[in-house]
Amino acid sequence: MGQCCCKPAKNAADIVIDGDDYEGSDEFWDARSELSVASFVSSRSFCADEPRSPAQGATDDPDIKIALHDALKLKNEAKVLGARRRLLELGDRAFWETQVGNEAVVRIFHQASLVDHALADMHKDDAYMVSREHPLKILYKHEQGGTAHSIKIKCLLKHPISHVVSIPYEWDLLPTWNKYAMDTIKFDGGAMYEALVYGASWMIPPFKDFQAFLRASGVDVSHEAGCLAIIVEDSEREITRDYELPKEVPERRVVNFEEGSYIILRPVFEEDGNEHTDAVLCVHMDPHIKGVPAALVNFALHVFAPYLFRQMEKTLTDIFHGDDTYSKRMQATPEVYQLIDNAVNNIRHTMHVACS
């Protein structure tokens, strides 16, 4: 692990930024909200002669319009926690979801709560069994009688975050280095840092090949927690409803991803100036297969995860020191990777200030 050039390194999550530690739950922010729903509504006089719904009255208010504009701008910059803070300056979550009812507002609060969970969960390993320690730490959890499996993988990648992010972001290129991947398709997710994706993977017979339908959302939490997050959500209903898919879909087994799946990427700055990436991947997958022994899944993880890790390390080395396929993709969407570089520079600056 790297360290600050002047003093022993701190984890970015331990650094206090602008006098505030990472802000956690919705309840915490609700308590700090300056105006409750009641005080907000009572401070506005709506015309009794002109009936209108609470949502109409709220969205007509100029302060609400400004806060909503600011929050959506922050969300479009992948700063969903900042977007939530801006909204909570005028009312709690219940006010915004019931009185304003904007779909984007609902999404901000939901996504922020998923980020809260990811940042809190990344260090909670007690409920998992350790499947492997090196070259990456693999943890596994399965509740007896259930069909869901939880996997948490922690590793250090000797590559900068922007390169690491290119692997999931350029989703359709996955089969170029992962021989198990099939039909990796990326759809428009509605924002430059969000994507809907479909992918399938070869499975050992007699199991059918697996497939998943996902929404992946990048979140900049460099200010709050010194890292970047990718929130992974199941999106089977949306993708199967709205997009054309491979003809093999009916013959493959759907693996649903349960809430709480995520990737956390934290930059590690070495003394020589190189940037590496401390990564945590946590997924809760349900292939809807009963009676699969936990020992069998644990063994498969023990064997296959290190192989995929080495393949990804090799790919990251090759694609930026020879094959330029990923580099060209990154150049084609500079706004996405610039956002990542800006976040990393913010973390680097904060760490240097804290160490000075």
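Refer to the preceding data block for the structure.
Definitions and cut-offs
- Residues numbered from 1 in each chain as written.
- Predicted model: local features only at pLDDT ≥ 70, side-chain atom pairs only at ≥ 80, totals over all residues.
- Heavy atoms only, no water.
- Buried < 20%, exposed > 50% of the residue type's maximum accessible area, 1.4 Å probe, protein only.
- Helix = DSSP H or I, 4+ residues; strand = E, 2+ residues; numbered from the N terminus.
- Arc of directions from axis to C-beta.
- Contact = heavy atoms within 4.5 Å.
- Polar contact = N/O pair within 3.5 Å; in protein donor to acceptor, adjacent residues only side chain to side chain.
- Expected span 1.5 Å × (residues − 1).
- Axes fitted to C-alpha atoms, helices over the stretch in contact; angles between N-to-C directions.
- Left-handed = near helix turned anticlockwise from the far one by under 90°.
- Nonpolar A, V, L, I, M, F, W, Y, C, P; charged D, E, K, R; others polar.
- Pairing = 2+ DSSP bridges.
- Parallel < 35°, antiparallel > 145°, perpendicular 65-115°, else oblique.
- Salt bridge = Lys/Arg side-chain N within 4 Å of Asp/Glu carboxyl O.

(A) Expanded view of helix α12 (residues 325-332). For α12, every residue scored as buried is listed here: Tyr326, Ser327 and Met330. Buried residues of α12, seen end-on, are gathered within an arc of 100 degrees and therefore sit on one face of the element. Those residues of α12 that are exposed and angled more than 90 degrees off the buried face are Lys328, Gln331 and Ala332. Check the buried side of α12 and you find it contacts α8 (161-169), α11 (294-319) and α13 (334-355).

(B) Expanded view of unusual backbone geometry. Here His134 and Pro135 are connected by a cis peptide whose omega angle stands at 0 degrees. On the secondary structure map, Pro135 appears in the loop between β1 (129-132) and β2 (137-141). Here Pro205 and Pro206 are connected by a cis peptide whose omega angle stands at 15 degrees. For Pro206, the position within the fold is in the loop between β5 (194-201) and β6 (210-221). Not every positive phi belongs to a glycine, and His288 is a case in point at roughly 60 degrees. Looking at the element boundaries, His288 is found in the loop between β11 (275-286) and α11. Classification of His288 by relative accessible area gives partly exposed; the value is 40%.

(C) Region of the structure containing the environment of Glu77. Locating Glu77 in the fold gives a position in the loop between α4 (62-76) and α5 (80-88). Its relative accessible area of 26% is what places Glu77 among the partly exposed residues. A sequence separation of 115 residues divides Glu77 from Met192, and the C-alpha atoms of the two residues are 8.9 Å apart. When near neighbours in sequence (up to four residues on either side) are disregarded, Glu77 contacts Tyr193, Asp220 and Leu339.

(D) The side chain of Lys152, seen in detail. Turning to its location among the elements, Lys152 is positioned in strand β3 (residues 149-157). We classify Lys152 as buried; its relative accessible area is 0%. Here Lys124 takes part through its backbone oxygen, which lies 2.9 Å from a polar atom of the side chain of Lys152.

(E) Main features of α4. A rise of 1.5 Å per residue sets the reference length of α4, with its 15 residues, at 21 Å; its end C-alpha atoms lie 21 Å apart and thus fit the reference within 8%. The backbone nitrogen of Asp63 lies 2.8 Å from a side-chain oxygen of the residue at the head of α4, namely Asp61. Note on α4: the residue one or two positions beyond its end, Ala78, has a positive phi of about 70 degrees.

(F) Structural view of the packing of α8 against α13. In the contact formed by α8 and α13, the axes pass within 10 Å of each other and the chain directions differ by 140 degrees. Crossing handedness for the pair α8 and α13: right-handed. Contact residues: α8 offers Ile161, Ser162, Val165, Ser166 and Tyr169, while α13 offers Val336, Tyr337, Ile340, Asp341 and Val344. Looking at side-chain class alone, the contact of α8 with α13 contains seven nonpolar, two polar and one charged residues.

(G) Geometry of the pairing of β1. Looking at chain direction, β1 and β2 are connected through three bridges and run antiparallel. The partner of Arg132 across the bridge, within β2, is Ile138. Hairpin connection of β1 to β2: four residues between the antiparallel strands.

(H) Broad picture of the packing of helix α6 (residues 93-100) against helix α7 (residues 103-121). Their axes nearest at 9 Å, the elements α6 and α7 cross at an angle of 150 degrees. In terms of axis orientation, α6 runs roughly antiparallel to α7. Between α6 and α7 lies a crossing whose hand is left-handed. Contacts from Arg93, Trp96 and Glu97 of α6 reach α7 at Val105, Val106, Phe109, His110 and Ser113. Here the residues of the contact of α6 with α7 sort into four nonpolar, two polar and two charged.

(I) Main features of the environment of Asp272. With respect to the helices and strands, the residue Asp272 is situated in the loop between β10 (261-269) and β11. Taking relative accessible area as the criterion, Asp272 reaches 59% and is therefore assigned exposed.

(J) Quick look at the pattern of salt bridges. Under the criterion given, the structure shown has 20 salt bridges. Note that Asp125 is salt-bridged to Lys154, the shortest N-O span being 2.7 Å. One end of the pair, Asp125, is in the loop between α7 and β1; the other, Lys154, is in strand β3, with 29 residues separating them in the sequence. Where salt bridges share partners, they join Lys75, Glu194, Arg215 and Glu238 into one cluster.

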